[in-house]
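Observations on the three-dimensional arrangement
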Amino acid sequence: MNFTNFGRYILLLKSVFRKPEKLKIYLKEIAKQMDYVGVGSLGLIAIISTFIGAVMTLQIAFQLVSDFIPKTIIGSVNRDSSILELSPTISAIVLAGKIGSAISSEIGSMRVTEQIDALEIMGINAPGYLILPKIISGITMVPMLVIISMFLSITGGYLGGSLSGAVTPAEYIQGITTDFNPYTIVVALVKAFVFGFIITSVPAYEGFYVRGGALEVSQASTRAVVISCISILVCDYLVTQLLL
């Protein structure tokens, strides 16, 4: 059954990436989805990233109790943890819950109310019109949100360390600027690109093939979030294994 679903998912993507009928309509929809995915999620990502950075600094400081380890290492560990793992993965899982459920519910509702059937009768490529703008917005806006999340997570670490006295501002800044490897940002953005594709395409698939009524739409929405989160974690491991 899982192989059947995967095959249907691939065939749906094949339909999604057909040449658009009217580019102007697609561009308008892409701009709308970018606003929802990017601007609409900015506040949530900002709050989560700032507090995760602050908590990470306190936990690292708590574990590094040896006098032989300089406190500057707190900034280094928080920087690399935020860039490589916390910002891309936690942001993606949060967005899978927020955006994924909305996409699945929207397309699922259109399916059960026969709006998708009406589009197909009119000769419109329903998968392309409904799903392609969402995927494009996901693979462009999620990396941008992850970049913002990295910055705010490191800033949150600075604030958390300074306010608690776990590390001085000078030690923290020295830590985050010492031995920085720019390649870690490349790895994080590759992850964000893959996660953005998963967050938008998997819920769209679940919603597109839903059958029944409101109950089935809600079940598809829940299933979409669960499968998206599992896929994100699996791809996180694979990308890390390949690039690091």
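Residues numbered from 1 in each chain as written. Predicted model: local features only at pLDDT ≥ 70, side-chain atom pairs only at ≥ 80, totals over all residues. Heavy atoms only, no water.

Looking up the protein chain in an unreviewed UniProt entry gives the name ABC transporter permease, with the organism given as Pedobacter alluvionis.

**What to know about the overall build of the protein chain**
On a plain count of helices and strands, the protein chain comes out with 8 helices and 0 strands. Along the protein chain, helices and strands appear, N-terminal first, in the series α-α-α-α-α-α-α-α. Its C-alpha atoms put the protein chain at 70 × 35 × 30 Å along the principal axes. Counting across all 244 residues of the protein chain, residues that qualify as buried make up 44%. Here the contacts in the protein chain between residues at least 6 apart in sequence split such that 86% fall between residues at least 24 apart. Only carbon and sulfur atoms are counted for the fraction: they give 71% of the accessible area of the protein chain, which is about 12500 Å². Of the side-chain charges in the protein chain, 16 are positive and 15 negative, and the distance between the mean point of each set is 10 Å. (Helix = DSSP H or I, 4+ residues; strand = E, 2+ residues; numbered from the N terminus. Buried < 20%, exposed > 50% of the residue type's maximum accessible area, 1.4 Å probe, protein only. Contact = heavy atoms within 4.5 Å. Areas by Shrake-Rupley, 256 points an atom, 1.4 Å probe, with all protein chains shown as cover. Lys, Arg positive; Asp, Glu negative; His and termini not counted. Charge placed at Lys NZ, Arg CZ, Asp CG, Glu CD.)

**Description of unusual backbone geometry**
Among all residues except glycine, the phi angle is most often negative; among peptide bonds, the trans geometry is most common. The residue Glu114 is not glycine, and still its phi comes out positive at about 65 degrees. Within the fold, Glu114 resides in the loop between α3 (72-112) and α4 (115-121). With a phi angle near 55 degrees, Asp179 is a residue other than glycine that sits in the positive phi range. Note that Asp179 resides in the loop between α6 (169-177) and α7 (183-208). Since its relative accessible area comes to 69%, Asp179 is described here as exposed.

**As for the state of the cysteines**
Enumeration over the complete set of coordinates arrives at 0 disulfides. Among the cysteines around Cys235, which has no disulfide bond, Cys229 carries the closest sulfur, lying 12 Å off. (Disulfide = S-S within 2.5 Å.)

**Some details on the packing of aromatic side chains**
Summed over all chains, the structure comprises 6 aromatic pairs. The interplanar angle of 85 degrees and the centroid separation of 5.4 Å between the aromatic rings of Phe208 and Tyr209 together place this pair among those described as edge-to-face. Of the aromatic side chains, those joined through ring pairs into one cluster are Phe6, Tyr9, Tyr205, Phe208 and Tyr209. One Lys or Arg, Arg8, reaches over the ring of Tyr209 and ends 4.1 Å from the middle of that ring. (Phe/Tyr/Trp six-rings, centres within 6.5 Å; stacked < 30°, edge-to-face > 60°. Lys NZ or Arg CZ within 6 Å of the ring centre and 35° of its normal.)

**Side note on the packing of helix α5 (residues 126-164) against α7**
Interhelical geometry of α5 versus α7 gives an angle of 145 degrees and a closest axis separation of 8 Å. Considering how the two elements wind past one another, α5 and α7 form a crossing that is right-handed. On α7, the residues touching Ala126, Pro127, Ile131, Lys134, Ile135, Gly138, Ile139, Val142, Pro143, Val146, Ile147 and Met150 of α5 are Ala188, Leu189, Ala192, Phe193, Gly196, Phe197, Ile199, Thr200, Ser201, Ala204 and Phe208. A class-by-class count of the residues in the contact of α5 with α7 yields 18 nonpolar, 4 polar and 1 charged. (Axes fitted to C-alpha atoms, helices over the stretch in contact; angles between N-to-C directions. Left-handed = near helix turned anticlockwise from the far one by under 90°. Nonpolar A, V, L, I, M, F, W, Y, C, P; charged D, E, K, R; others polar.)

**Thoughts on the UniProt feature "transmembrane region" (unreviewed entry) in the protein chain**
Here the UniProt-annotated "transmembrane region" (unreviewed entry) positions come out as residues 36-62, 135-159, 180-200 and 220-239. Annotation note: span residues 135-159, helix share 100%, strand share 0%, distance between end C-alpha atoms 35 Å. Structurally, residues 220-239 is divided into 100% helix and 0% strand, and its ends, taken at the C-alpha atoms, are 27 Å apart. (UniProt positions renumbered as here; feature names shortened; annotations may be inferred.)

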